[in-house]
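# Summary of the model geometry
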Amino acid sequence: QQFNIDQASFGIESAKANVQTVAAMKAATTQLKTVMKNDLDIDAIEDMTDDMAELMEDFNEINEALGRNFATPEGLDEGDLEAELEMLEDELEEEAEALDSNATPSYLQTDALP
(Lines give C-alpha, C1' and ligand atoms only; values in the text may rest on other atoms or scores of the structure.)
Protein backbone atom coordinates (compact mmCIF):
# COMPACT_ATOMS: atom_id res chain seq x y z
CA GLN A 1 0.00 0.00 0.00
CA GLN A 2 2.79 2.41 0.86
CA PHE A 3 4.27 1.83 -2.57
CA ASN A 4 1.00 2.81 -4.24
CA ILE A 5 0.76 5.96 -2.14
CA ASP A 6 4.36 6.90 -2.97
CA GLN A 7 3.70 6.34 -6.64
CA ALA A 8 0.55 8.45 -6.54
CA SER A 9 2.45 11.21 -4.75
CA PHE A 10 5.25 11.04 -7.30
CA GLY A 11 2.68 11.20 -10.12
CA ILE A 12 1.10 14.32 -8.59
CA GLU A 13 4.51 16.00 -8.22
CA SER A 14 5.40 15.13 -11.79
CA ALA A 15 2.09 16.51 -13.05
CA LYS A 16 2.66 19.78 -11.13
CA ALA A 17 6.18 20.03 -12.57
CA ASN A 18 4.77 19.44 -16.06
CA VAL A 19 2.16 22.17 -15.53
CA GLN A 20 4.90 24.58 -14.45
CA THR A 21 7.04 23.59 -17.45
CA VAL A 22 4.17 24.13 -19.86
CA ALA A 23 3.35 27.49 -18.27
CA ALA A 24 7.00 28.57 -18.60
CA MET A 25 7.06 27.44 -22.23
CA LYS A 26 3.85 29.40 -22.94
CA ALA A 27 5.33 32.52 -21.34
CA ALA A 28 8.56 32.10 -23.29
CA THR A 29 6.65 31.61 -26.53
CA THR A 30 4.56 34.73 -25.91
CA GLN A 31 7.63 36.77 -25.07
CA LEU A 32 9.55 35.44 -28.10
CA LYS A 33 6.63 36.27 -30.40
CA THR A 34 6.55 39.81 -29.03
CA VAL A 35 10.29 40.26 -29.53
CA MET A 36 10.15 38.78 -33.04
CA LYS A 37 7.20 40.96 -33.98
CA ASN A 38 8.45 44.24 -32.50
CA ASP A 39 12.25 44.03 -32.49
CA LEU A 40 13.30 41.60 -35.20
CA ASP A 41 12.25 42.12 -38.80
CA ILE A 42 13.55 39.39 -41.10
CA ASP A 43 13.42 41.71 -44.12
CA ALA A 44 15.51 44.31 -42.30
CA ILE A 45 17.99 41.64 -41.25
CA GLU A 46 18.28 40.35 -44.82
CA ASP A 47 18.79 43.91 -46.07
CA MET A 48 21.49 44.45 -43.46
CA THR A 49 23.33 41.24 -44.39
CA ASP A 50 23.12 42.16 -48.08
CA ASP A 51 24.57 45.60 -47.28
CA MET A 52 27.36 43.97 -45.27
CA ALA A 53 28.18 41.63 -48.17
CA GLU A 54 28.35 44.59 -50.57
CA LEU A 55 30.57 46.53 -48.17
CA MET A 56 32.90 43.56 -47.83
CA GLU A 57 33.13 43.29 -51.64
CA ASP A 58 33.95 47.01 -51.85
CA PHE A 59 36.52 46.60 -49.08
CA ASN A 60 38.18 43.71 -50.94
CA GLU A 61 38.28 45.74 -54.17
CA ILE A 62 39.93 48.61 -52.30
CA ASN A 63 42.51 46.24 -50.81
CA GLU A 64 43.25 44.79 -54.24
CA ALA A 65 43.67 48.27 -55.70
CA LEU A 66 46.01 49.29 -52.90
CA GLY A 67 47.96 46.05 -53.17
CA ARG A 68 48.85 46.42 -56.84
CA ASN A 69 52.51 46.41 -57.70
CA PHE A 70 53.23 49.15 -60.20
CA ALA A 71 56.91 48.28 -60.56
CA THR A 72 56.36 44.81 -62.01
CA PRO A 73 54.75 44.55 -65.46
CA GLU A 74 51.69 42.32 -65.62
CA GLY A 75 53.08 40.13 -68.43
CA LEU A 76 56.14 39.17 -66.41
CA ASP A 77 56.11 35.61 -65.18
CA GLU A 78 58.27 33.62 -62.79
CA GLY A 79 60.35 32.12 -65.59
CA ASP A 80 61.41 35.59 -66.78
CA LEU A 81 62.39 36.57 -63.25
CA GLU A 82 64.40 33.36 -62.77
CA ALA A 83 66.26 33.96 -66.06
CA GLU A 84 67.16 37.51 -65.07
CA LEU A 85 68.30 36.35 -61.63
CA GLU A 86 70.58 33.73 -63.22
CA MET A 87 72.04 36.38 -65.54
CA LEU A 88 72.80 38.66 -62.59
CA GLU A 89 74.37 35.79 -60.67
CA ASP A 90 76.57 34.98 -63.67
CA GLU A 91 77.71 38.60 -63.89
CA LEU A 92 78.58 38.60 -60.18
CA GLU A 93 80.55 35.37 -60.56
CA GLU A 94 82.49 36.81 -63.52
CA GLU A 95 83.34 39.94 -61.54
CA ALA A 96 84.41 37.83 -58.56
CA GLU A 97 86.61 35.64 -60.76
CA ALA A 98 88.25 38.70 -62.31
CA LEU A 99 89.02 40.11 -58.86
CA ASP A 100 90.28 36.77 -57.59
CA SER A 101 92.84 36.53 -60.41
CA ASN A 102 94.70 39.51 -58.89
CA ALA A 103 93.69 41.73 -61.77
CA THR A 104 93.51 45.38 -60.93
CA PRO A 105 90.10 46.88 -61.65
CA SER A 106 90.11 49.37 -64.53
CA TYR A 107 89.21 52.27 -62.28
CA LEU A 108 92.33 51.58 -60.16
CA GLN A 109 94.79 51.12 -63.04
CA THR A 110 97.22 54.00 -63.48
CA ASP A 111 97.85 53.19 -67.16
CA ALA A 112 94.28 53.93 -68.13
CA LEU A 113 94.45 57.51 -66.87
CA PRO A 114 95.16 60.18 -69.51
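Owing to the predicted nature of the structure, the values given are computational and were not obtained by experimental measurement.

A word on the overall build of the chain. Scanning the chain from N- to C-terminus turns up three helices and zero strands. For the chain, the succession of helices and strands along the chain, N to C, is α-α-α. Looking at the 114 residues of the chain, the share that counts as buried comes to 0%. Element-wise, carbon and sulfur atoms account for 57% of the exposed surface of the chain, whose accessible area totals about 10800 Å².

For the rest of this paragraph, the subject is a nonpolar patch on the surface. On the surface, Leu 32, Val 35, Met 36, Leu 40, Ile 42, Ile 45, Met 48, Met 52 and Leu 55 cluster together into a nonpolar patch covering about 840 Å² of accessible area. The set of elements that each furnish at least two residues to the nonpolar patch consists of helix 1 (2–38) and helix 2 (42–66). With five residues, the single largest contributor to the nonpolar patch is helix 2. Along the chain, Met 48 turns up in helix 2.

Conventions adopted
Residues numbered from 1 in each chain as written. Predicted model: local features only at pLDDT ≥ 70, side-chain atom pairs only at ≥ 80, totals over all residues. Heavy atoms only, no water. Helix = DSSP H or I, 4+ residues; strand = E, 2+ residues; numbered from the N terminus. Buried < 20%, exposed > 50% of the residue type's maximum accessible area, 1.4 Å probe, protein only. Areas by Shrake-Rupley, 256 points an atom, 1.4 Å probe, with all protein chains shown as cover. Patch = residues over 30% accessible without salt bridge, like charges linked within 9 Å, V, L, I, M, F, W, Y side chains within 5 Å. Salt bridge = Lys/Arg side-chain N within 4 Å of Asp/Glu carboxyl O.

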